[in-house]
Amino acid sequence: MSKPVHQNRVDFLVTGDYGLFSDPIMRVGGEKCTYQVPTYEALKGILSSVYWKPTIIWYIDKVRVMNPIQTEVKGIRPIKYGGGNDLSYYTYLKHCCYQVQAHFEWNDNRPELARDRNENKHHCIARRMIERGGRRDVFLGTRECQGYVEPCTFNDGSGAYDDLPELSFGLMYHGITYPDEAYSPETQGHMTARFWYPVMRKGVIEFPRPEDCPLHKPLREMEMKTFSDELQNFSGLREFGEVN
C-alpha cells in the first residue's frame, strides 16, 4: 500500500564528497564505519539544518540512492578524551548523492506553540530555504563531511540502482525519539533509540514512521523543554502588531 502524498511535501537533492552514517554507539570513539546508505536520523538532521522550528516535526518518507555505493578508508588522528591523539581508521562513503522526499506534521507535544501552526507559511519557507542551500551548514552524518542541498523532483533522472529489484541491509539504526517528539506513553520523558530492517527496491528506500519501527530501546530518562509564548515569538506575528 503506497503512502499518502502530503500537501506540504518537499523534494531535495543532497550531495557531498564523503558521508559517514552510523549509530550512536559508533560515535563514542575509536574506529568508525559507515552504513551503506544514510539513516533516517541523518536525513532528518539535514532537513532540520535547512529549516526547522519546534512547532513542526519532519518525517522522511523515502530516499533514492543516485550514485553507486563506494567506500574509502582514511587514517584519522582523533583527539582522545584523556589528552593527546591516536591513529584510527574511519570508513566513509564517497561521491554521495541522494534524492529525498519528506513532509512535516504539527508537534502535538507542544500545545504552547499552537498559534504558529500555519502550514502554508512553514511550507513556503522550507522550499525557499532548500533553494538557498539551507539556513545552517549541512553535514552528511558527521561534521567533517560537508553536504550541499538543492531542489529536485523525486525520481527525476537515472540512478545507479534503478534496475536492481531488491537489496536488504539487515538491522540498522533508524533514529532517536526525544521527549518533545514522543508518540506513546513509553517514549514520554525518555530518550528512545529505534531500529529497523531497511530494504532498497529499484534504488528507493521507504522509511517507516518512528512509531512503526519494529525495535525500540529506551536509553535514559529525559525532560522535555517547554517554550513560553510570552518569552518567545514563535508565531511571527508581533512584528505586525497582531499580538499584544
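The rules behind the values
Residues numbered from 1 in each chain as written. Predicted model: local features only at pLDDT ≥ 70, side-chain atom pairs only at ≥ 80, totals over all residues. Heavy atoms only, no water. 1 Å grid on protein atoms, 1.4 Å probe; cavity = no way out; pocket = protein on both sides within 12 Å on 5 of 7 lines; lining within 4 Å. Points joined across faces, edges and corners; volume = space filled by probe spheres on them. Helix = DSSP H or I, 4+ residues; strand = E, 2+ residues; numbered from the N terminus. Nonpolar A, V, L, I, M, F, W, Y, C, P; charged D, E, K, R; others polar. Salt bridge = Lys/Arg side-chain N within 4 Å of Asp/Glu carboxyl O. Buried < 20%, exposed > 50% of the residue type's maximum accessible area, 1.4 Å probe, protein only.

Draft legend 1. Empty space enclosed by the protein, seen in detail. Under the criterion given, the structure shown has one cavity of 30 Å³ or more. In this model, the largest cavity occupies a volume close to 70 Å³. Along the walls of the largest cavity sit Gln36, Val65, Asn67, Pro68, Ile69, Gln70, Leu93, Lys94, His95, Cys96, Cys97 and Tyr98, which together make up its complete lining. At six residues, strand E5 (residues 88-106) tops the list of elements feeding residues into the lining of the largest cavity. The residue inventory of the lining of the largest cavity, partitioned by class, reads seven nonpolar, four polar and one charged.

Draft legend 2. Representation of the pattern of salt bridges within the structure. Per the stated rule, a full pass over the model turns up 13 salt bridges. Measuring nitrogen to oxygen at the nearest pair gives 3.4 Å for the salt bridge that ties Arg110 to Glu112. Its relative accessible area of 25% is what places Glu112 among the partly exposed residues. Between Arg201 and Glu166 there is a salt bridge, and its shortest N-O distance comes to 3.4 Å.

Draft legend 3. Seen up close, unusual backbone geometry. In the Ramachandran plot, His95 falls in the positive-phi region, its phi being about 55 degrees despite a non-glycine side chain. On the secondary structure map, His95 appears in strand E5. Residue Lys202 is not a glycine yet carries a positive backbone phi of 55 degrees. Position of Lys202 relative to the elements: it lies in the loop between strand E11 (199-201) and strand E12 (204-206). For Lys202, a relative accessible area of 49% translates into the label partly exposed.

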